[in-house]
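Each chain is listed here by its residues.
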Amino acid sequence: MWEQMINNMHYSYRTPPSRKIVIPNPDDFNVASSNNSTAEGGTAGSFSSKNWSGYVNYSSEQSYDEATSYFVEPSPSVPCSKATEVTWAGLGGYNSHNLAQNGTGYNAPGLENHQGWWEILPAGYVSVPENGSPGYYFEAQTYYAGVISGKKTFYFYFYDYEEGSWWDEEVTTTNGVDESTADYIVERPKASGYFRPLADYGSTKMQGFTNNKDLAHYPYNVGTMYSGETELASVAGIPPSSYLFTDTWHHCGKEEE
Amino acid sequence: MREGRQGILSAHETPRLFQRSAIVGGVMRVASLFLAVALFAVLAGCGSTRGDTARLTASADATPARSLSPQGLSVPRSCGILNVAAVRSELIPGTPCAMVLSRYRTLHQQPRLQLVGRADIRSPALLRQLTSEFDALPPAPKGGLACPNDNGSRITVDLKYRHHRTLRLTASLSGCPEARRGFVTRSALGRIGAKLIGQLEALTRAA
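Note on numbering: residues in each chain are counted from 1, in written sequence order. Starting at A for chains and at 1 for ligands, labels are handed out in the order in which the entities are written. Only residues with pLDDT of 70 or above have their local features reported here, since the model is predicted, and side-chain atom pairs are shown and tallied only from 80 upward, although totals for entire chains, interfaces and linings are computed over all residues.

Before going further, it helps to examine the interface of chain B and chain A. Bring the parts together and some accessible area is lost; that lost area is often taken as the interface size. We call two residues in contact when their backbone-placed C-beta atoms lie within 7 Å. With 25 residues of chain B at the interface, the matching set in chain A holds 29 residues. Looking at the side of chain B that touches chain A, the elements with two or more residues in it are strand 4 (144-145) and strand 7 (178-181) of chain B. Three classes are used: nonpolar for Ala, Val, Leu, Ile, Met, Phe, Trp, Tyr, Cys and Pro, charged for Asp, Glu, Lys and Arg, and polar for all others, with Gly counted as polar. Residues of the side of chain B that touches chain A, tallied by class, amount to 11 nonpolar, 10 polar and 4 charged. Only when DSSP finds a minimum of two bridges between them are two strands counted as paired. Starting at the N terminus, helices and strands are each numbered in turn, a helix being any DSSP run of H or I of at least four residues and a strand any DSSP run of E of at least two. With 2 bridges joining them, strand 12 (residues 190-191) of chain A and strand 4 of chain B adopt antiparallel strand pairing. Across the sheet, the residue bridging to Lys 190 of chain A is Leu 145 of chain B, located in strand 4 of chain B.

Shown next, in the form of structure tokens:
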């Protein structure tokens, strides 16, 4: 089956680790003293959101076909009933309802804790047999390979740096594709039509790479998650780093529309 | 107006019908009475609907409502809720006489909503079309869903009926878009929803 899948591919799979970058030791993480240089030229804006916290590359002149995130798999607590979180990289969903993404989740309906998943809206997320290890780096990559044999084709890649295990999946879709943004997000998902409260993940470290470049190479917006006037989560770290940031939980919020 | 004239003719014909027989005449008298009551109700209904319409227009605040009904065209005669149970189970029960769309967006990093556009829809054809499109939305997915960015923007739709209180549904424009009225929720993700959302946005585009 694998041979068949690989033979059917029209591009080359990368064997893990897919990128020659130095994965910082989470224990040594310190944005303020990071040697990761400064942003390479991307400009920053900001946005508020009911469900997203993180960074979004955008540009009217640039299309994005790859979003890769290395993040420390969160180990959340659930201080509020039904509190949930998902961590992911993806394409689209900022300027439109078209969104393709993959990552891991905690206390999310239909998923084991730390289990990997991918999603192409409007369908719900699909679990994969690859779990993250809490406290260790996990790689999630969403890659839009374009139209192959007449079908819009996405490629999702998962890698757990603790176990050295990986999973990838090629998915074709008839849904719309939005390449106007690349996203690196912690989210509170919806279940049965309502946003869940946000699980307490403390702070989680994430790295974002867009089109094989540091995320700050392109213009980006900084997203803060709110429930009413209550700030649920926010990010910091870019600059000074050009790809490394922390996403910090503040409050659960509540289950809401 | 045509209904009013028919009512007058019917009343004039009633004495002639009495000449046939007492039985037939009795039946016809009851029928005539029923008809007269029904016509009165219709006329009263028309009046109240016009009153509603006037209130709708008057209630539009800073952003003027865009009337999407041709000048002089009255609301549909058939608008109303025939099945009361539908109020609990359907997104848009029956056929509304009018819809008032109010489009809001959130201010940056503030929970307050800002009204950015409004439309007062009374065109029967457009009302039927929107009702049909809302009804075509699928149920909200039961499982989990990681959604697009939700910035809180939305359109409220006030559904005006002839003999029923106004019902309000809310259509979210961002995130996982949905149409919701009470416990009734439909998903606006996908092509059908995208078309409807696009139409609602176009109708409420600020002039």
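Let's shift gears to the nonpolar core. Core analysis: the biggest nonpolar cluster contains 93 residues, and Tyr 55 and Leu 215 of chain A together with Met 99, Leu 101 and Ala 171 of chain B have the highest contact counts within it. Ignoring any residue separated from it by four or fewer positions in sequence, one finds Met 99 of chain B in contact with Ile 121, Leu 127, Leu 130, Val 157, Asp 158 and Leu 159 of chain B. For this entry, the nonpolar core is defined as buried Ala, Val, Leu, Ile, Met, Phe, Trp, Tyr and Cys residues connected by C-beta atoms within 7 Å. Three exposure classes are used. Buried residues have 20 or more other C-beta atoms within 10 Å of their own C-beta, exposed residues have 12 or fewer, and partly exposed residues fall in between, all C-beta atoms being placed from the backbone.

The next subject is unusual backbone geometry. Residue and element names in this part refer to chain A. The omega angle of the peptide bond from Leu 121 to Pro 122 is 15 degrees, so this bond is cis rather than trans. Mapped onto the secondary structure, Pro 122 falls in the loop between strand 6 (115-120) and strand 7 (126-131). For the bond running from Pro 239 to Pro 240, omega is 20 degrees, close enough to zero to count as cis. Positive phi outside glycine occurs at Ser 149, with the angle close to 50 degrees. Looking at the element boundaries, Ser 149 is found in the loop between strand 8 (137-148) and strand 9 (151-160). By C-beta crowding, Ser 149 is classed as exposed, having 8 other C-beta atoms within 10 Å. Not every positive phi belongs to a glycine, and Asn 212 is a case in point at roughly 70 degrees. Locating Asn 212 in the fold gives a position in the loop between strand 14 (203-210) and strand 15 (213-214). Classification of Asn 212 as exposed rests on a count of 11 C-beta atoms within 10 Å.

This paragraph deals with the pairing of strand 17 (residues 230-236) of chain A. Residue and element names in this part refer to chain A. Pairing geometry for strand 16 (residues 220-227) and strand 17, over 3 bridges, is antiparallel. By the bridge assignment, Tyr 226 is partnered in strand 17 with Glu 231. Count of turn residues in the strand 16/strand 17 antiparallel hairpin: 2 residues, of which Gly 228 carries a positive phi of about 65 degrees. Sheet topology note: the strand 17/strand 18 (residues 244-249) ladder contains 4 bridges and is antiparallel. Note on strand 18: the bridge partner recorded for Val 235 is Asp 247.

On to the sheet that holds strand 12 of chain A, then. Across the sheet, which stays open at both edges, the 3 strands sit in the order 13(A)-12(A)-4(B) with antiparallel pairing between neighbours. The strands lining the two open edges of the sheet, one partner per strand, are strand 13 (194-195) of chain A together with strand 4 of chain B.

The subject of this paragraph is the confidence of the model for chain B. Residue and element names in this part refer to chain B. Averaged over every residue, the pLDDT of chain B is 70; the share at 70 or more is 58%. pLDDT gives the predictor's per-residue confidence on a scale running from 0 to 100. At the low end of the mean pLDDT range in chain B sits helix 1 (residues 2-18), at 32; at the high end sits strand 5 (residues 154-160), at 96. Low pLDDT, under 50, characterises residues 1-28; the stretch is placed with 14 contacts to residues that sit more than four places away or in other chains. Taken together, the stretch residues 69-75 has pLDDT below 50 and engages in 8 contacts with residues farther than four places along the chain or on a different chain. Under the prediction, the complex receives an ipTM of 0.85, its pTM being 0.76.

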